Amino acid sequence: MDFLVLFVFYLTLVLISGVMICVCSKTGYLKGPVRRGTQIFSYIIPECLQRAMLRLHHYLFHTQNRTFILLHLTLQGMVYAEYTWEIFGYCQQLEFSLYYLLLPYLLLIVNLVFFTLSSVTNPGTVTKANELLLLPVYEFDEVLFPKNMRCSTCGLRKPARSKHCAVCNRCVHRFDHHCVWMNNCIGAWNARYFLIYLLTLTASAVTMAVVSAVFLVRLVVVSGLYQETYVDDLGHLQVMDTIFLIQYLYLTFPRIVFMLGFVMMLSLLLGGYLCFVLYLTATNQTTNEWYRGHQGCCPHVARPPSAHPQVYQNIHSHGLWSNLREIFLPAAVHYGGKKK
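The name given to the chain in an unreviewed UniProt entry is Palmitoyltransferase, with Equus caballus as the source organism. Per its UniProt entry, the chain bears the Sequence similarities (unreviewed entry) comment "Belongs to the DHHC palmitoyltransferase family." Under Catalytic activity (unreviewed entry), UniProt gives the following word-for-word description of the chain: "L-cysteinyl-[protein] + hexadecanoyl-CoA = S-hexadecanoyl-L-cysteinyl-[protein] + CoA".

A. Here's a closer look at the overall build of the chain. Along the chain, the regular secondary structure elements total 12 helices and 6 strands. Split into buried and exposed, the 340 residues of the chain put 40% on the buried side. For the chain, the proportion of contacts with a sequence separation of at least 24, taken over those separated by at least 6, is 66%. About 20000 Å² of surface is accessible on the chain, with carbon and sulfur atoms providing 68% of the total.

B. Representation of the packing of helix α5 (residues 67-93) against helix α8 (residues 191-223) in the model. Two elements in contact, α5 and α8, have axes separated by 11 Å at closest approach and are oriented at 30°. Looking at the two axes, α5 sits roughly parallel to α8. Seen from above, α5 lies across α8 with left-handed handedness. Judged by residue contacts, H72, Q76, V79, Y80, Y83, I87, Y90 and C91 of α5 engage Y197, L201, S204, M208, V211, S212 and F215 from α8.

C. Representation of the environment of W290 in the model. Note on placement: W290 falls in helix α11 (residues 287-295). With 24 residues separating them in the primary sequence, W290 and N314 have C-alpha atoms 9.1 Å apart. Those residues in contact with W290 that sit more than four places away from it in its chain are F276, Y279, L280 and Q285.

D. Structural detail: the pattern of salt bridges. Across all of its chains, the model carries 5 salt bridges by this definition. Among the ionic pairs, R255 bridges to E82, the shortest N-O distance being 2.9 Å. Remark: E82 occurs in helix α5 and R255 occurs in helix α10 (residues 254-282); sequence separation between them is 173 residues. Note that E86 and R255 form a salt bridge whose closest N and O atoms lie 3.5 Å from each other. Linking E86 in helix α5 with R255 in helix α10, this pair joins segments that are 169 residues apart in sequence. Judged by its relative accessible area of 13%, E86 falls in the buried class.

E. Structural view of the UniProt feature "transmembrane region" (unreviewed entry) in the chain. The sites that UniProt annotates as "transmembrane region" (unreviewed entry) are residues 6-25, 98-117, 194-221 and 256-282. In this annotation, residues 98-117 is assigned 100% helix and 0% strand; the end-to-end C-alpha distance for the span is 29 Å. As annotated, residues 256-282 comprises 100% helix and 0% strand, and the C-alpha atoms at either end are separated by 37 Å.

F. Inspection of unusual backbone geometry at higher detail. Although it is not a glycine, N148 adopts a positive phi angle of roughly 55°. If you trace the backbone, N148 turns up in the loop between α7 (131-134) and β1 (163-165). For N148, a relative accessible area of 64% puts it in the exposed group. In this structure, N169 takes a positive phi of about 60° despite not being glycine. Looking at the element boundaries, N169 is found in the loop between β1 and β2 (170-172). Residue N169 is classed as exposed on the basis of its relative accessible area, which comes to 54%.

G. Geometry of the environment of G272. Along the polypeptide, G272 turns up in helix α10. Separated by 70 residues in the primary sequence, G272 and T202 place their C-alpha atoms 9.7 Å from one another.

H. Representation of the state of the cysteines within the structure. Applying the stated criterion across every chain yields a total of 0 disulfides. A disulfide-free cysteine, C154 has its sulfur positioned 3.3 Å from the sulfur of C151, the nearest such atom. For C154, a relative accessible area of 33% puts it in the partly exposed group. Summary of cysteine pairing: C179 is not part of a disulfide, and the nearest cysteine sulfur, belonging to C185, is at 9.6 Å.

Definitions and cut-offs
Residues numbered from 1 in each chain as written. Predicted model: local features only at pLDDT ≥ 70, side-chain atom pairs only at ≥ 80, totals over all residues. Heavy atoms only, no water. UniProt positions renumbered as here; feature names shortened; annotations may be inferred. Helix = DSSP H or I, 4+ residues; strand = E, 2+ residues; numbered from the N terminus. Buried < 20%, exposed > 50% of the residue type's maximum accessible area, 1.4 Å probe, protein only. Contact = heavy atoms within 4.5 Å. Areas by Shrake-Rupley, 256 points an atom, 1.4 Å probe, with all protein chains shown as cover. Axes fitted to C-alpha atoms, helices over the stretch in contact; angles between N-to-C directions. Parallel < 35°, antiparallel > 145°, perpendicular 65-115°, else oblique. Left-handed = near helix turned anticlockwise from the far one by under 90°. Salt bridge = Lys/Arg side-chain N within 4 Å of Asp/Glu carboxyl O. Disulfide = S-S within 2.5 Å.

Put into structure tokens, the structure is as follows:
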């Protein structure tokens, strides 16, 4: 039954991946040879399903909705329920330290607090009331952020490092990115909450992975499984090897082994993204600036045809401590508040 469930899961995953590739191809996210290769999926997947997935893609990623917030909380609840139901009780029997076992719950509480703050805090909406106050906060580099530019959507003068979010339909001061998991933009006034949220989320995944791995290792040591022998398909007596031991643990504790694999993969993904965010924080860059700077794009700047293309340089980094202070004590934060 477990193998049937896994087969159905992976088959569904492949189908969804194929449909999403078609969606990305139609919406312009994939270009060149990759986009041409996706035409194969267009012939396989029915047109009605592609249209439905296009509408779903637009709803999920281009409109404000709480779908990913509910998905986030559901996944987090399922992982912690599995940890409580399976690992916590077994670890108590093996006399694990209670403080060690309660650490994921402490991280969960802190994580949920900063998840909520990241979601409901005004990221730094530029309005007519604070437009003049935000204009002198950052220097214009005349490459990514030229002076005297107005937002083509809301008509406001654009402070340096700001950007109009098409999903939220507002200009955001020190815009980083729009996070679907928060249903909110990450900007000047909630970047510090998002950073702590990401830190605690990564730490909780790593802690669960460590606790689960230590439990399985201690179980093997206490039971002496690594000293056991087994008879292979040819009838020969074999010493317990690593592969057979993992298979035995999976058959005995399938949910724990599956959860260990899941949180390990999650730890790698979150850890990689956390390192990227820490790099941006230490160098006083936003995701928007990093992406546009590496693309070499200088939009909305009229230059003579003979003019040499200007190269983006980060002019906002003033040392590690100053950059951290800017994140945790942003300028004009008294204009922040709850998201409207």
